[in-house]
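Below, each chain spelled out in residue letters.
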There are 2 protein chains.
Amino acid sequence: MAKEKKVEQITDMEVDFAQWFTDVCIKAELVDYSGVKGLFILRPYGYAIWEAIQNYLDKRFKELGHDNVSMPLLIPESLLQKEKDHVEGFAPECAWVTMGGSEPLEERLCVRPTSETLFCDHWSHVVHSWRDLPCKYNQWCSVLRWEKTTRPFLRGREFLWQEGHTIHATKEEAMEETEQMLEVYADCLENLLAMPVVKGCKTEKEKFAGAERTYTVECMMKDHKALQSGTSHYFGDGFCRAFNITFADRNNQQSYPHQTSWGMSTRTIGGLIMTHGDNNGLVLPPHVAPIQVVVVPVAQHKPGVLEKAAEVYTALKSAGVRVKMDDSDNSLGWKCAQYEMKGVPLRIELGPRDIENGVCVAVRRDNFEKTTVQLNTLAEAVPALLEQVQQGLYDRAKRNLDEHTRDCATMEDVKRFIETEGGFARTKWCGDLACELKMKEDAGVSSRCMPLAQSGTKGKCVCCGKEAATDIFWGVAY
Amino acid sequence: MAKEKKVEQITDMEVDFAQWFTDVCIKAELVDYSGVKGLFILRPYGYAIWEAIQNYLDKRFKELGHDNVSMPLLIPESLLQKEKDHVEGFAPECAWVTMGGSEPLEERLCVRPTSETLFCDHWSHVVHSWRDLPCKYNQWCSVLRWEKTTRPFLRGREFLWQEGHTIHATKEEAMEETEQMLEVYADCLENLLAMPVVKGCKTEKEKFAGAERTYTVECMMKDHKALQSGTSHYFGDGFCRAFNITFADRNNQQSYPHQTSWGMSTRTIGGLIMTHGDNNGLVLPPHVAPIQVVVVPVAQHKPGVLEKAAEVYTALKSAGVRVKMDDSDNSLGWKCAQYEMKGVPLRIELGPRDIENGVCVAVRRDNFEKTTVQLNTLAEAVPALLEQVQQGLYDRAKRNLDEHTRDCATMEDVKRFIETEGGFARTKWCGDLACELKMKEDAGVSSRCMPLAQSGTKGKCVCCGKEAATDIFWGVAY
């Protein structure tokens, strides 16, 4: 007998977007709260999404010649303090280890908020000559930042990420690396996660603590807010000077290397939820979905149904599809709602009448379209449908980005746009910090980036009216 | 012009085994010291070995139905205290976070030394019915244990590991899981790492804090000391009672699940070094070697040598061999010593005369045997040679284990054996803690395990002389 379990409702996103987001995180079984505020548990389904992102990026990193390493979890306070701008940026949000066993430590140790200082300390031991360069390292780990307000994925006191750290013999090579890794993030967001991006440069105010230049990929969520989804930094030789990392160049002159770092985190999963999700729950692009297709037998007690469903499962598995069979005794209604909540891109239903007709019905998660598929064409038809879902999700997100990016000439324009519909306001900017601060104060927006794709035109700074050449995006950000 | 770099010497293992070990760790570029005692940096070559172990185990875990998750880094003190035996075992070596930013924390948080308490706390939220069982979880992470003395790989205040945690509806199922995971470790050690094992059960004294039973795989190092290389624990329902994890069984009765955990760590890399290494450095079994073959052109300035070497490289790469080409301007002598230090299983030398004869020379790292290989048979001959190296290393390690495992009848026998040559003393044991403690005091040995392969004979306890049926292994352990 079918067991009637109730699928719990989630808040509508139009009613309360923040609550909708939290509901999806919990009900889709992505995360659980732990006993410590801001430290979240990534459950199997949430972690499987992170593993898909890891696999995609790790393969690209290695193809581009990066090596994975493991740096210590703890940073002595004196080491963190070696680069002045860096420590100012991070010290206020460090968690400190002060006791080892029952003994107080001589020097307190911070749990890494990021590892530039550790990499630099290591390089100061092992780099001697141009032959040792470039060092192109990456590590997968978690970091701690003691934030006041926390939310699953978006702002945790602990989050998982990768941090790439490299040093190079020349500025040109380091700049090339910085830009290349931004492209890797853009590619991952657009092609794996179906999240269109705006690539750009951060302002002086918004750049990473200690960096000379910070590149970013910015995405737009369904509520038209911005999510910074990956950053890549060029440091010049500032840290290398502070840590006394030198190398003998080909002419045997001592020089300082040029440094980069770049990171992407589980925050991206928050972005994935807010880019594609709907009032039925999570919606996953097939490329990143742990389960791409769920097979749900209809009237499974009738003779032949489970056997045929098993054949469908096997055919799809052989075709390389990540497929799950649910022949449990839960009701059909519960199963449908459950896999919708979990965002499985395609549900295949198969009942006695379908079997008679040699077909099954494929239901798309993104738009609920039903397609009748001949059973003998499954191995081609289902992968093709999955590609349509992937493209459909990207296109929808791209429309959201395009339709809510607005050229604004004045502060009033920006205010009205942000207050009425929200999105990215694109303006000219003179480059002054004073104008950037005034935008925050008067229009409530922060600078998102100066896009790499500049228009090349001139105009008036949105704030002070001075002639300005730089295009810049403003928005309300997570 | 060839640059003459000197390959630094390492201490002979016969002179000072501990110093030899440290030298290999550093000179083979596996690790670097960090600014905090006991926290080591895993460099690219060391981490690549860990990645090979991770890939092997992770695939097996998933095949057996385990899901990866991520639990928090920090455990509130009150949570750690919930299971009495467990906290007694771990509290003395916890590192404590007491400050977040500039504020003292209300409750101090320990950096996880192991995560049983975190998994149990999570399960108490999400497990309700027999339908939710089993939960078979694993995580890859690092843990902290504030040890007094530390050594690379063997004893760190931080180490990388995987920790598997599962709960099951019945004791039988949990016991089966515990034993199955021990087999997975034994398989990984023997087939990936060419390290023969003794599988067994720990005594009451040596079992994991809070466990009902601990299984272990014990390996013998070249100095005849023991290395515990993986453990698998059965907990009964002790933690589940302490954390109030209950489920409704099929008859709707509330029951406590039965729990297991199991772990393997970067310590295994220490074991790999001490099982196969020699006075020229590291020796890696081909199955785990990041570089299986290095191609070294001889007289590479002569016409045609580099071109032919590139062909050899490509042929091996196409055959699925992890191959590296070294056509740098370092001298041939330096290259040979360098790749010997790094333990690359096979070096292929190729000079003008070889090319004339359509051959190359393959030099085995394990026994320095040279084989002339026809260039047109590379794709079959080299993988076959690699398999011979793998088997050769296993066989040599197995001989070491067998030849230094000795049946002993009395305490005097054990003492003499341990003092003169060292190894595993196999005896009968009555099961009393008093005898186990006396063995430590008088013969300086700890119990390694009661082997799964029991002889079935009876005899006298090695210590008290009472009749005893249990076979047990004693040794000096890392």
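On a predicted model such as this, the values are computed, not experimentally measured, just so you know.

### Focus on the environment of Ile-355 of chain A
Residue and element names in this part refer to chain A.
Turning to step 1, where the next piece is worked out: If you trace the backbone, Ile-355 turns up in helix 11 (residues 352–357).
Turning to step 2, where the next piece is worked out: Placed 236 residues apart in sequence, Ile-355 and Phe-119 show a C-alpha to C-alpha distance of 61 Å.
Turning to step 3, where the next piece is worked out: The residues contacting Ile-355, other than those within four sequence positions of it, are Gly-304, Val-305, Lys-308 and Leu-350.

### What to know about the packing of helix 13 (residues 411–420) of chain B against helix 14 (residues 433–443) of chain B
Residues and elements named next belong to chain B.
Turning to step 1, where the next piece is worked out: At a minimum axis separation of 10 Å, helix 13 and helix 14 run at an interaxial angle of 45°. Judged on the interaxial angle alone, helix 14 and helix 13 are oblique. The way helix 13 lies across helix 14 gives a crossing that is right-handed. Together, Met-411, Val-414, Lys-415 and Ile-418 of helix 13 and Lys-438, Met-439, Asp-442 and Ala-443 of helix 14 make up the contact between the two elements.
Turning to step 2, where the next piece is worked out: Tallied by class, the residues present in the contact of helix 13 with helix 14 amount to five nonpolar, no polar and three charged.

### As for the packing of aromatic side chains
Turning to step 1, where the next piece is worked out: Under the defined criterion, the tally for this structure stands at 30 aromatic pairs over all chains.
Turning to step 2, where the next piece is worked out: Ring centres of Trp-50 of chain A and Trp-140 of chain A lie 5.9 Å apart, and the angle between their planes is 75°; on these two criteria the pair is classed as edge-to-face. With Trp-50 of chain A in helix 2 (residues 44–63) and Trp-140 of chain A in strand 7 (residues 135–144), the pair connects residues that are 90 residues apart, well separated along the chain.
Turning to step 3, where the next piece is worked out: Grouping aromatic residues by their ring pairs yields a cluster made of Phe-90, Phe-208, Phe-235, Phe-239 and Phe-243 of chain A.
Turning to step 4, where the next piece is worked out: We note Lys-225 of chain B situated over the ring of Tyr-478 of chain B; from NZ or CZ to the ring centre the distance is 5.0 Å.
Turning to step 5, where the next piece is worked out: The lysine or arginine in question, Lys-342 of chain B, covers the ring of Tyr-45 of chain B, its NZ or CZ lying 4.6 Å from the ring centre.

### Points about the confidence of the model for chain A
Turning to step 1, where the next piece is worked out: In the predicted model, chain A carries a mean pLDDT of 96, and the fraction of residues at 70 or more is 99%.
Turning to step 2, where the next piece is worked out: ipTM for the predicted complex: 0.95, alongside a pTM of 0.96.

### Quick notes on the pattern of salt bridges
Turning to step 1, where the next piece is worked out: Applying the stated rule across the entire model yields 58 salt bridges over all chains.
Turning to step 2, where the next piece is worked out: Salt-bridge contacts for Arg-347 of chain A lead to Glu-340 of chain A; the nearest nitrogen and oxygen are separated by 3.2 Å.
Turning to step 3, where the next piece is worked out: Residue Glu-340 of chain A is classed as buried on the basis of its relative accessible area of 16%.
Turning to step 4, where the next piece is worked out: Here Glu-177 of chain B ties to Lys-136 of chain B by a salt bridge, and the two come within 3.9 Å at their closest N and O atoms. Taken together, the positions of Glu-177 of chain B in helix 6 (residues 171–192) and Lys-136 of chain B in strand 7 (residues 135–144) put the pair 41 residues apart, joining distant regions of the chain. As far as burial versus exposure is concerned, Glu-177 of chain B and Lys-136 of chain B are alike and both buried.
Turning to step 5, where the next piece is worked out: Overlapping salt bridges, with partners in common, bring together Glu-51 of chain A together with Asp-58 and Lys-62 of chain B in one network.

### Things to note about the pairing of strand 18 (residues 359–364) of chain B
All names here are of chain B.
Turning to step 1, where the next piece is worked out: Counting buried positions along strand 18 gives six out of six residues, so the element sits mostly inside the fold.
Turning to step 2, where the next piece is worked out: Alternating positions in strand 18 separate into two faces, Val-359, Val-361 and Val-363 on one and Cys-360, Ala-362 and Arg-364 on the other, with burial throughout.
Turning to step 3, where the next piece is worked out: Here strand 18 pairs with strand 19 (residues 370–374) via five bridges, running antiparallel. Its bridge partner being in strand 19, Cys-360 is matched across the sheet by Val-373.

### A word on helix 14 of chain B
Residues that lie three or four places apart on an α-helix share one face, since the helix turns once every 3.6 residues.
Residue and element names in this part refer to chain B.
Turning to step 1, where the next piece is worked out: For helix 14, the complete set of buried residues consists of Cys-435, Glu-436, Met-439 and Ala-443. Looking straight down helix 14, one finds that the buried residues subtend no more than 105° of arc, so they occupy a single side. Turned more than 90 degrees away from the buried face of helix 14 sit Ala-434 and Glu-441, all of them exposed.
Turning to step 2, where the next piece is worked out: Tucked into the core, helix 14 has its buried residues touching helix 13, strand 21 (424–429), strand 22 (446–451) and strand 25 (470–475).
Turning to step 3, where the next piece is worked out: Looking one or two residues beyond helix 14, the residue adopting positive phi is Gly-444, at roughly 70°.

### Things to note about the sheet that holds strand 4 (residues 74–76) of chain A
Turning to step 1, where the next piece is worked out: Sheet architecture is open: six strands sit in the order 4(A)-6(A)-5(A)-5(B)-6(B)-4(B), paired in antiparallel fashion. Among the strands making up the open sheet, the edge pair consists of strand 4 of chain A together with strand 4 (74–76) of chain B. For this sheet, the mean inter-axis angle between neighbouring strands, taken without regard to orientation, is 45°.
Turning to step 2, where the next piece is worked out: As paired elements, strand 5 (residues 95–100) of chain B and strand 6 (residues 103–111) of chain B share four bridges and run antiparallel to each other. Paired with Val-97 of chain B across the bridge in strand 6 of chain B is Leu-109 of chain B.

### Overview of the sheet that holds strand 25 (residues 470–475) of chain A
Residues and elements named next belong to chain A.
Turning to step 1, where the next piece is worked out: The eleven strands are arranged 3-7-8-14-11-10-9-22-25-21-20 in an open sheet whose pairing can be described as mixed. The strands lining the two open edges of the sheet, one partner per strand, are strand 3 (67–68) and strand 20 (405–407).
Turning to step 2, where the next piece is worked out: The pairing of strand 22 (residues 446–451) with strand 25 spans three bridges and is classified as antiparallel. Counted as the bridge partner of Ser-447 is Trp-474 from strand 25.
Turning to step 3, where the next piece is worked out: Contacts from helix 8 (residues 267–276) reach strand 10 (213–220), strand 11 (226–236) and strand 14 (258–265) within the one sheet, and its direction differs from that of strand 11 by about 145°.

### A word on the side chain of Glu-83 of chain A
Residue and element names in this part refer to chain A.
Turning to step 1, where the next piece is worked out: Along the chain, Glu-83 falls in the loop between helix 3 (77–80) and helix 4 (84–90).
Turning to step 2, where the next piece is worked out: For Glu-83, which is buried and forms no salt bridge, the nearest opposite charge comes from Lys-84, at a distance of 7.0 Å.
Turning to step 3, where the next piece is worked out: One polar contact links the side chain of Glu-83 to the main-chain amide nitrogen of His-86, over a distance of 3.0 Å.
Turning to step 4, where the next piece is worked out: When sequence neighbours within four positions are dropped, the list of residues in contact with Glu-83 reads Gly-210, Phe-239 and Ala-242.

### Let's talk about the interface of chain B and chain A
Turning to step 1, where the next piece is worked out: With 53 residues of chain B in contact, the opposing surface of chain A contributes 53 residues.
Turning to step 2, where the next piece is worked out: For the pair chain B and chain A, the two sides together bury roughly 4,200 Å², of which 59% comes from carbon and sulfur.
Turning to step 3, where the next piece is worked out: The interface formed by chain B and chain A includes four salt bridges.
Turning to step 4, where the next piece is worked out: Among the ionic pairs, Lys-62 of chain A bridges to Glu-51 of chain B, the shortest N-O distance being 3.1 Å.

### Details of the relation of the copies chain B and chain A
Turning to step 1, where the next piece is worked out: By a simple turn and slide, chain B fits onto chain A: the slide is 0.0 Å along the axis, the RMSD is 0.0 Å, and the turn is 180°. Within this description, the copies of the chain are treated as partners about a two-fold rotation axis. Measuring from the rotation axis to each C-alpha of chain B, the shortest distance belongs to Val-97 of chain B, at 2.1 Å.

### Brief notes about unusual backbone geometry
Residues and elements named next belong to chain A.
Turning to step 1, where the next piece is worked out: Geometrically, the link from Leu-133 to Pro-134 is a cis peptide bond, its omega value of -10° lying close to zero.
Turning to step 2, where the next piece is worked out: Its location among the elements puts Pro-134 in the loop between helix 5 (116–126) and strand 7.
Turning to step 3, where the next piece is worked out: Notably, Glu-29 is not glycine yet its phi reads approximately 60°, a positive angle.
Turning to step 4, where the next piece is worked out: Glu-29 sits in the partly exposed class, given a relative accessible area of 29%.
Turning to step 5, where the next piece is worked out: Unusually for a residue other than glycine, Ala-299 sits at a positive phi of about 50°.
Turning to step 6, where the next piece is worked out: Along the chain, Ala-299 turns up in the loop between strand 15 (293–297) and helix 9 (305–318).
Turning to step 7, where the next piece is worked out: Residue classification places Ala-299 among the partly exposed residues on the basis of a relative accessible area of 26%.

Parameters and conventions
Residues numbered from 1 in each chain as written. Chains lettered and ligands numbered in written order. Predicted model: local features only at pLDDT ≥ 70, side-chain atom pairs only at ≥ 80, totals over all residues. Heavy atoms only, no water. Helix = DSSP H or I, 4+ residues; strand = E, 2+ residues; numbered from the N terminus. Contact = heavy atoms within 4.5 Å. Axes fitted to C-alpha atoms, helices over the stretch in contact; angles between N-to-C directions. Parallel < 35°, antiparallel > 145°, perpendicular 65-115°, else oblique. Left-handed = near helix turned anticlockwise from the far one by under 90°. Nonpolar A, V, L, I, M, F, W, Y, C, P; charged D, E, K, R; others polar. Phe/Tyr/Trp six-rings, centres within 6.5 Å; stacked < 30°, edge-to-face > 60°. Lys NZ or Arg CZ within 6 Å of the ring centre and 35° of its normal. pLDDT = per-residue confidence, 0-100. Salt bridge = Lys/Arg side-chain N within 4 Å of Asp/Glu carboxyl O. Buried < 20%, exposed > 50% of the residue type's maximum accessible area, 1.4 Å probe, protein only. Pairing = 2+ DSSP bridges. Arc of directions from axis to C-beta. Lys, Arg positive; Asp, Glu negative; His and termini not counted. Polar contact = N/O pair within 3.5 Å; in protein donor to acceptor, adjacent residues only side chain to side chain. Buried area = accessible area lost by both parts, 1.4 Å probe. Least-squares fit on C-alpha atoms with pLDDT ≥ 70 in both.

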